[in-house]
Amino acid sequence: MIRLFRKTITVSQAFVLLGALSMVIYLSKYNIIHPNIPILLVSDVKNDSQVMPLTTVSSHGSTSKVQVMEKCDANMSVTSLTDFASLPDAIKNFLFYRHCRHYPMLLDLPGKCGGINQSEEVFLLLVIKSSPNNYDRREVLRKTWAKERMHNGVWIRRIFILGSSGDGYEKIKLNKLLQAEQEEFNDILQWDFHDTFHNLTLKQTLFLGWMERNCPKVRFLFNGDDDVFANTDNMVEYLQSLDNNGSKHLFTGYLFINEIVVRWKGSKYFIPNVIQETKTYAPYCGGGGYLLSGYTALVIYKMSQSITIHPIDDAYMGMCLAKAGLEPSLHVGVKTLGLNMPSKGQDGLEPCYLRQLLLVHRFLPSEMYLMWKQVNDPHLDCRPSTKL
Ligand SMILES: *[C@@H]1O[C@H](CO)[C@@H](O)[C@H](O)[C@H]1NC(C)=O
Ligand SMILES: *[C@@H]1O[C@H](CO)[C@@H](O)[C@H](O)[C@H]1NC(C)=O
Ligand SMILES: *[C@@H]1O[C@H](CO)[C@@H](O)[C@H](O)[C@H]1NC(C)=O
Ligand SMILES: *[C@@H]1O[C@H](CO)[C@@H](O)[C@H](O)[C@H]1NC(C)=O
């Protein structure tokens, strides 16, 4: 487990750490470092800014990583872009930091997939986008559809992906909460960037980079929000029915084709011409939840390295697929849009309805808990049978 400058580090440990770090810098300077030792020297901006050593040291098993990151400064030249002054603050902020693609990790899970080669034993990796404040959602998912378990003979594993929220004391407090959750549940990947809607694409690309390093042979991934009801048992059965062991393309969910780019400034999804000129998006699957193969996840990561970050994360995945010549597909069992919880008067019907689906948007934690219980109730009578 990662401990980043924890106060529990003693003075002598700190000196050892410092010594090791200067050794690494010394060795790399003279090119005598073994090429297999993963040293990441990341620098996004070519300017004279101070080098800020943000060191992440992992002492899990035999691998050890040292990341030295240069602070990524705002790109002030974006202010000269057409109509910059009239853009909403979130978009301005996005443009200032769009080029920053590497952030230090605060919480890591180096052993989640059991190592690079063992990762092929993870059949379905649940990658859930959460944010620090959503403790109640994480808690209920751990007890329901995101429970780590074996289903139908294969392993399901869970990861929450997060940035950080708040400033000052609030940020410290939330980070402590996540640390406590990590100690108990071991299911959090956290990076030190501001967890906002327009940073979701950043979150996804950071995750994909992590996956390539830690779980490259995972068979399939579910990528979705922390407020959806995902029928993960059905997902496993659906994926097992395919002629694909994760080594072929798969990207499926609620499909958007020729989706129009929103130009109305009041919308959360507003995108100005300076970010995207074309009027429609490449085909993509709604970010509430989609399934993809390990193969496709790695292809997307590769493509993402040469595609400028776009604020809408699911649309960005579509752009990466398009660049690779791959297509997303529709899965009729995924209802991420226009389908809220069926109305309260229809109680008897809901669990049966959900039992046949892969995913429905959006649920309150209490509804989620109850619904998972009901859907999994062996006495639930859903005749006439409507299996997927
Ligand atoms: C900064 O923004 C300008 C204007 O959009 C752009 O041309 C330039 O490439 C950006 N620099 C970096 C480092 O991304
Ligand atoms: C993983 O498997 C490959 C090929 O079988 C092998 O060369 C490599 O050493 C293994 N790596 C680890 C970390 O066990
Ligand atoms: C994304 O995170 C970075 C790092 O915390 C922050 O500087 C930037 O403002 C964030 N971007 C948005 C659009 O919130
Ligand atoms: C997955 O299937 C491919 C053929 O489609 C095969 O070559 C490969 O060995 C299989 N991988 C595993 C780990 O079973």
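None of the values given here were measured: they were computed from a predicted structure.

A.B. asks: Summarise helix H4 (residues 168-185); cite the residues concerned and give the values.
C.D. replies: Between the first and last C-alpha of H4 there are 26 Å, a value that for 18 residues agrees with the 26 Å anticipated at 1.5 Å per step. When H4 is considered as a whole, its buried residues turn out to be Leu 174, Asn 175, Leu 178, Glu 181 and Gln 182. One side of H4 holds all its buried residues, which, seen down the axis, span an arc of 115 degrees. Turned more than 90 degrees away from the buried face of H4, the exposed residues are Tyr 169, Lys 176 and Glu 184. On its buried face, H4 is in contact with strand E3 (105-107), helix H3 (135-143), strand E6 (154-164) and strand E7 (188-194).

A.B. asks: Kindly report on the site of ligand 4, identifying the contributing residues and their values.
C.D. replies: Neighbouring ligand 4 are Glu 120, Arg 219, Asn 245, Ser 247 and Lys 248. Within the contact set of ligand 4, an oxygen atom lies 2.3 Å away from a side-chain nitrogen or oxygen of Asn 245. When isolated, ligand 4 has an accessible area of 370 Å², and the protein chains bury 35% of it. In terms of residue class, the shell around ligand 4 is made up of no nonpolar, two polar and three charged.

A.B. asks: Outline empty space enclosed by the protein, listing residues and values.
C.D. replies: Going through the model one piece at a time under the given rule, you end up with one cavity of 30 Å³ or more. Empty space within the largest cavity amounts to approximately 50 Å³. Taken together, Gln 204, Phe 207, Leu 208, Leu 221, Asn 223, Tyr 290, Leu 292 and Met 317 make up the lining of the largest cavity. Mapped by element, the contributors of at least two residues to the lining of the largest cavity are helix H5 (200-214), strand E8 (220-225) and strand E11 (284-293). In terms of residue count, H5 provides more of the lining of the largest cavity than any other element does, three residues in total. Broken down by class, the residue content of the lining of the largest cavity amounts to six nonpolar, two polar and no charged.

A.B. asks: Hey, could you go over the nonpolar core for me, with residue numbers and the actual values?
C.D. replies: Leu 189, Trp 191, Phe 207, Trp 210 and Leu 221 are the most contacted members of the largest nonpolar core, which totals 56 residues. Here Leu 189 is in contact with Met 105, Leu 107, Asp 108, Leu 109, Ile 159, Phe 160, Ile 161, Leu 162, Phe 207 and Trp 210, once residues within four sequence places are set aside.

A.B. asks: Which residues make up unusual backbone geometry, and what values do they have?
C.D. replies: In this structure, Asn 152 takes a positive phi of about 55 degrees despite not being glycine. Within the secondary structure, Asn 152 sits in the loop between strand E5 (149-151) and E6. Positive phi outside glycine occurs at Asn 258, with the angle close to 55 degrees. The topology assignment puts Asn 258 in the loop between strand E10 (251-256) and E11. Here Asn 258 falls in the exposed class, since its relative accessible area comes to 52%.

A.B. asks: Got a sec to walk through the sheet that holds strand E14 (residues 359-360)? Specific residues and values, please.
C.D. replies: Spatial ordering of the open sheet is given by E9-E14-E13, a layout of three strands whose pairing is mixed. One side of each edge strand has no neighbouring strand; the edge strands of this open sheet are strand E9 (229-230) and strand E13 (334-335). With two bridges joining them, E13 and E14 adopt parallel strand pairing. Paired with Lys 335 across the two strands is Val 360, which belongs to E14.

A.B. asks: Lay out the pattern of salt bridges with the relevant residues and their values.
C.D. replies: Counted by the stated rule, this structure contains 17 salt bridges. Measuring nitrogen to oxygen at the nearest pair gives 4.0 Å for the salt bridge that ties Asp 89 to Lys 92. Highlighted residues: Asp 89 and Lys 92, both in helix H2 (residues 89-97), separated by three residues, approximately one helical turn. A salt bridge links Lys 129 to Asp 225; its shortest N-O distance comes to 3.6 Å. In this pair, Lys 129 sits in strand E4 (residues 122-129) while Asp 225 sits in strand E8, placing the two residues 96 residues apart along the sequence. Pair check on accessibility: Lys 129 and Asp 225 agree, each one buried. Each of Arg 138, Glu 139, Arg 142, Arg 158, Glu 181 and Asp 187 takes part in a single network of salt bridges with overlapping partners.

What counts, and at which threshold
- Residues numbered from 1 in each chain as written.
- Chains lettered and ligands numbered in written order.
- Predicted model: local features only at pLDDT ≥ 70, side-chain atom pairs only at ≥ 80, totals over all residues.
- Heavy atoms only, no water.
- Helix = DSSP H or I, 4+ residues; strand = E, 2+ residues; numbered from the N terminus.
- Expected span 1.5 Å × (residues − 1).
- Buried < 20%, exposed > 50% of the residue type's maximum accessible area, 1.4 Å probe, protein only.
- Arc of directions from axis to C-beta.
- Contact = heavy atoms within 4.5 Å.
- Near = heavy atom within 4 Å.
- Polar contact = N/O pair within 3.5 Å; in protein donor to acceptor, adjacent residues only side chain to side chain.
- Areas by Shrake-Rupley, 256 points an atom, 1.4 Å probe, with all protein chains shown as cover.
- Nonpolar A, V, L, I, M, F, W, Y, C, P; charged D, E, K, R; others polar.
- 1 Å grid on protein atoms, 1.4 Å probe; cavity = no way out; pocket = protein on both sides within 12 Å on 5 of 7 lines; lining within 4 Å.
- Points joined across faces, edges and corners; volume = space filled by probe spheres on them.
- Core = buried A, V, L, I, M, F, W, Y, C linked by side-chain atoms within 4.5 Å.
- Pairing = 2+ DSSP bridges.
- Salt bridge = Lys/Arg side-chain N within 4 Å of Asp/Glu carboxyl O.

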